[in-house]
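Topology and contacts: notes
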Amino acid sequence: MKSFVLSGIIAGLPLCIHAELGIQKERPADGRCVQVEQGYMVAYCALIPGSEIEYEMVPCPGGSYFLGSPESEPGRKSDEGPQAEVRVAPFWIGKYEITWKQFWLYTELILAFEQFEDKGIRKIENKYGADVVTAASKIYDTSFTYKKGKEPQHPAVTMSQYGAKQYTKWLSLLTRRFYRLPSEVEWEHACRAGTKTACSFGNDPKKLGEYAWFAENSDGRLQKVGTKKPNAWGLHDMHGGVAEWVLDHYRKDRYSKLKDRPLNPIAWPDELYPRVIRGGSWKDPAEATRSAARYPSNDDKLKANDPNSPMSPWWLASNRGLAIGFRFVRPIEAPDGAERLKYWDADVDEIREDVDQRIEEEGKGKRGRVDPSLPQAIKALEK
Amino acid sequence: MSNEKETTRRDFMKKTGVTAVSTALAADLMSGGAHAAGNDTLRIGVVGSGGRGTKAAMDAMEADPGVVVTALGDTFEDRARGSLKGLNRKKQYKGRIKVTDETLFSGFDAYKKVIDSVDVVLLTTPPHFRPEHLAYAVDKGKHCFVEKPVAVDAPGVRSVIETCKKAKEKNLSVVSGLCWRYDLGVNATMQQVLEEKAIGEIVAVQSSYNAGTLWHRGDKPDWSRMEYQVRNWLYYTWLSGDHIAEQAIHSLDKCAWLMGDTHPISATGIGGRQQRTGAKWGNIFDHHVVFFEYADGKKVYFTCRQQNGTTNHVDETVLGTEGQARILRHRIQGKNTWRYSGPKPSMYVQEHKALFKSIRDGEPINNGHYMANSTMLAIMGRMCTYTGRTLKWEQCFNSKEKLGPEKYAWEDVPEPKVAMPGRTKFS
């Protein structure tokens, strides 16, 4: 329960102290670490405030690497090149994909927000405020959402990129630490864990089954996270499992425009789709799970089974959606307040308007204030 | 979807007596006043252009490249305008949204103006209004997409049955929004159970639509009580039919399908409201349990629930003499273990593909029988849970109880009472 104490102490203290979680002054005697100015980044485990549910973060070193794959790589597609050298600052990343157990805390948020509204408490001042999170609309048809698995340790699926981003906003505001989706460049860096081969374990496709759940071994459904071997940095399911959202807009020719070893480049989206999904999934063939493989999103297809318009900004409704999830990162240097919203909130009018309409006119989804006092307020509702 | 599969599905539907397709000539269709030729533009209109109606219009455009949207209607002008905005924003439908201020209608009679001006109408208002709207559309010779359920009371069901007979005479297509009938995985599973007898003879069906709660649209000081009820229509039995009809009809429809779209002889039910007790939640229940008995001895054990924090489960488990089938999971276990692994295109698009193909081929589809029968099944279940009495199909079907106010106007209508089993009388 060490992590619980830690998390309890940290809530409410200023940011400079929060940044200490996962940092040690002295080099640890054992276990992986990443040396940075502030000391040594180490893996950490913390509880989601207000719950007994843990999440584990693993450090990734900064440095440069070649994004993409060589033309000679079997299964390679043209959008994986030309290879471009990029630089990345150190960050922590989730050891596993977000599980249902971890995601349900966010999906249950709407029930609390509804009651706050009924009671006229925790009112919102600015609906686009830095402290406001949109709670996802309730799942309409669970027979669909959980069709491929609903065990607490199964990776959560069918959230949109916006839904995943609001999750990271919610967790950040609860913990006072800065969590967000990884950029495409960070994601591939973490996946490769220093390797240049097709997969983090090498080039031998016969070994994929030891590291990944994919079409050939998944039995056509979700499998529990962390049940295959990790990569060299201790990350599980970067290959296969569920495909993972990253921050970036998808552009087929993006890599040709990455010049002069850019540091932490992000292709910020300026339209609803395509956005990048990485890592392949339980329903994909081996080549789609390679470190460099990219997949463009298409909201109209990913939400094709949504019976309503506007289609849910938080949920996907398609078979492909049943194979899409995410994990989040915490960069060593957090941007300041306003800059953070870029990583969390609706970034194009279409999403913003859909969210407004769903919440304000349809009564689906709800806004609420999130801060470290939220878990107490939710507990008080139970009385 | 390949033509081969389409043929198979249609043959299957014929064999199981769902609805035999008519072989009417295209020329006959013209007498109904609608286009039939291969590439002609088909003008569609939406009656009830909320979230579902707007998406249904998109599904229609996905299904048929010749479809254009020319009219939108809703009781509320803001809903109709919101719908138009949503449609206009989608790049892929550019040039196909031809709604103007003159063809955007609001008010309780908006449906007439929409129907008068189009070839095909999508009926997607709250279910209360469906029988009247469908009757008007068929009277005017229009093909219809009809959302579920199709009525909230027995007189409404009887009206729909009569209207569908007229539609057949006039060679008009009536396609139901009971969407699982157009899902390829469910069709394949039904074929295994009903045609291939993969689980032997059906003994009973365990059916659940146990889910969480849905939306609420709040209240405003300037809303009359009529406006409050219509905007929050889910929670008023006279508007939605109760959640047993509004949502759980998807489950009851699959049960009916498994029972050959016949009706039960009797049913008994238990229900009430435990979580949603506040006044804002109107007068519907939040759980129902109904046991249906069929003439051939088969049983349907059905539950539905809308309660937060409870275990969700939505599916039909079919118990057979040689195994069990899970309909939505598309799986069979037992002597003939089987799993569907074919394509799963959007069933919402599939139902519109069927509709527009039927119009263009001059082979009208009439889903009237099952949509009325399954709606009545839900209403019968509700009558049992509201009264707490075991009821016979015949008495339910012939019930004279007509739900809703005498007239539709924006005034302060009374708050309907919540039913109390043992005290609420069957009528």
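Residues numbered from 1 in each chain as written. Chains lettered and ligands numbered in written order. Predicted model: local features only at pLDDT ≥ 70, side-chain atom pairs only at ≥ 80, totals over all residues. Heavy atoms only, no water.

1. Quick word on the overall build of chain B
Test applied: Numbering of helices and strands starts at the N terminus; helices are DSSP runs of H or I of at least 4 residues and strands are runs of E of at least 2. Values of the radius of gyration come from C-alpha atoms, whereas the globule rule sets the reference at 2.2 Å times the count of residues to the power 0.38. Type-normalised accessible area, obtained with a 1.4 Å probe on protein chains alone, sets the label of each residue: buried when under 20%, exposed when over 50%, and partly exposed for intermediate values. The contact criterion used is simple: two residues touch if any of their non-hydrogen atoms lie within 4.5 Å. Surface accessibility in these figures is a Shrake-Rupley result with a 1.4 Å probe; residues are shielded only by whichever protein chains are displayed. Only four residue types enter the tally: Lys and Arg on the positive side, Asp and Glu on the negative side; His and the chain ends are excluded. All charge positions are set by atom: Lys at NZ, Arg at CZ, Asp at CG, Glu at CD.
Secondary structure summary: chain B contains 15 helices and 15 strands in total. Against the 2.2 N^0.38 benchmark of 22 Å for 427 residues, chain B shows a C-alpha radius of gyration of 21 Å, consistent with a compact globule. Seen through its C-alpha atoms, chain B measures out along the principal axes to roughly 55 × 55 × 40 Å. When the 427 residues of chain B are sorted by exposure, 62% land in the buried category. Of the contacts made within chain B by residues no fewer than 6 positions apart, 75% connect residues no fewer than 24 positions apart. Carbon together with sulfur atoms contributes 51% to the accessible area of chain B, which is approximately 16,400 Å² in total. For chain B, the separation between the mean place of its 59 positive charges and that of its 48 negative charges on side chains is 3 Å.

2. A word on the packing of helix 4 (residues 109-119) of chain A against helix 12 (residues 374-382) of chain A
All names here are of chain A. Put simply, the rule reads: To get an axis, a line is fitted to the C-alpha atoms, and for a helix only the part in contact is used. The angle between two axes follows their N-to-C directions and goes from 0 to 180 degrees. Here is the rule for angles: anything less than 35 degrees is roughly parallel, anything more than 145 is roughly antiparallel, 65 through 115 is roughly perpendicular, and the remaining ranges are oblique. Any residue that is not Ala, Val, Leu, Ile, Met, Phe, Trp, Tyr, Cys, Pro, Asp, Glu, Lys or Arg is counted as polar, Gly included; the first ten are nonpolar and the last four charged.
Remark: helix 4 packs on helix 12, axes separated minimally by 10 Å, with the N-to-C direction vectors making an angle of 75 degrees. Viewed along their axes, helix 4 and helix 12 adopt a mutual orientation that is roughly perpendicular. For the pair helix 4 and helix 12, contact is made by Leu109, Ala112, Phe113, Gln115, Phe116 and Lys119 and by Leu374, Ala377, Ile378 and Leu381, respectively. Its residues assigned to classes, the contact of helix 4 with helix 12 shows 8 nonpolar, 1 polar and 1 charged.

3. Here we look at the interface of chain B and chain A
Counted only if it meets this: Accessible surface is computed with a 1.4 Å probe, and the buried area is the amount of it that two parts give up when combined, taken over both parts together. By definition here, a salt bridge exists when the distance from a side-chain nitrogen of Lys or Arg to a carboxyl oxygen of Asp or Glu is within 4 Å. We call two N or O atoms a polar contact when they sit within 3.5 Å, provided that within protein one can donate a hydrogen and the other can accept it, with sequence-adjacent residues counted only if both atoms are side-chain atoms.
Between chain B and chain A, the contact holds 32 residues from the first and 28 residues from the second. A combined buried area of about 2,800 Å² lies between chain B and chain A, and 39% of that area is made up of carbon and sulfur atoms. Of the charged contacts in the structure, one is a salt bridge between B:Arg339 and A:Asp219, with a shortest N-O distance of 3.8 Å. Where chain B touches chain A, the interface holds 16 residue pairs in polar contact (both at pLDDT 80 or more). Of the residues forming the side of chain B that touches chain A, the biggest block, 5 residues, is contributed by helix 3 (residues 51-63) of chain B. Of the residues belonging to the side of chain B that touches chain A, the class tally is 9 nonpolar, 10 polar and 13 charged.

4. Focus on the domain arrangement of chain B
All names here are of chain B. To keep it simple, the criterion reads: As annotated, the domain borders come from an automatic or database domain assignment.
Structurally, chain B comprises domain 1 (4-180 + 348-366) and domain 2 (196-342 + 374-397). Computed from C-alpha atoms alone, the centre-to-centre distance between domain 1 and domain 2 is 25 Å. Taken together, the contact pairs 24 residues of domain 1 with 28 residues of domain 2. Between domain 1 and domain 2 the total buried area reaches about 2,200 Å² when both faces are included, carbon and sulfur atoms providing 70% of it.

5. Structural notes on unusual backbone geometry
Where the residue is not glycine, phi is negative for most of them; where a peptide bond is considered, it is trans in most cases. Residue and element names in this part refer to chain A. Residue Gly81 is joined to Pro82 through a cis peptide bond whose omega torsion reads -5 degrees. In this structure, Pro82 sits in the loop between strand 6 (63-67) and strand 7 (84-88). Backbone geometry places Arg261, a non-glycine residue, at a positive phi of 45 degrees. Topologically, Arg261 is positioned in the loop between strand 10 (243-249) and strand 11 (275-278).

6. Here we look at the sheet that holds strand 14 (residues 329-331) of chain A
Residue and element names in this part refer to chain A. To be explicit about the condition: Between any two strands, pairing holds if DSSP finds at least two bridges.
Pairing is antiparallel in the open sheet, where 4 strands are placed in the order 4-5-8-14. Taken across any chain shown, the strands that pair with only one partner, and hence form the sheet edges, are strand 4 (44-47) and strand 14. Here the average twist between neighbouring strands, direction ignored, is 25 degrees. Of the strands in this sheet, strand 5 (54-60), strand 8 (91-94) and strand 14 are in contact with helix 7 (residues 184-192), which crosses strand 8 at around 75 degrees.

7. Notes on the packing of helix 3 of chain B against helix 13 (residues 347-361) of chain B
All names here are of chain B. Let me state the cut-off plainly: Crossings are classed by handedness, with left-handed meaning an anticlockwise turn of the near helix from the far one by less than a right angle and right-handed meaning a clockwise turn.
Running from N to C, helix 3 and helix 13 point in directions that differ by 60 degrees, and their axes come no closer than 8 Å. Judged on the interaxial angle alone, helix 13 and helix 3 are oblique. As helix 3 runs across helix 13, the sense of the crossing is right-handed. Packed against helix 3, whose contacting residues are Arg52, Ala56, Asp59, Ala60, Glu62 and Ala63, the element helix 13 presents Tyr348, Val349, Glu351, His352, Lys353 and Phe356 at the interface.

8. Here we look at the environment of A:Ala84
Residues and elements named next belong to chain A. One can find Ala84 in strand 7. Classification of Ala84 as buried rests on a relative accessible area of 5%. The sequence separation of Ala84 and Ile48 amounts to 36 residues, and the corresponding C-alpha distance is 37 Å. Residues within four places of Ala84 in sequence aside, it is in contact with Tyr65, Phe66, Leu67, Tyr255 and Leu258.

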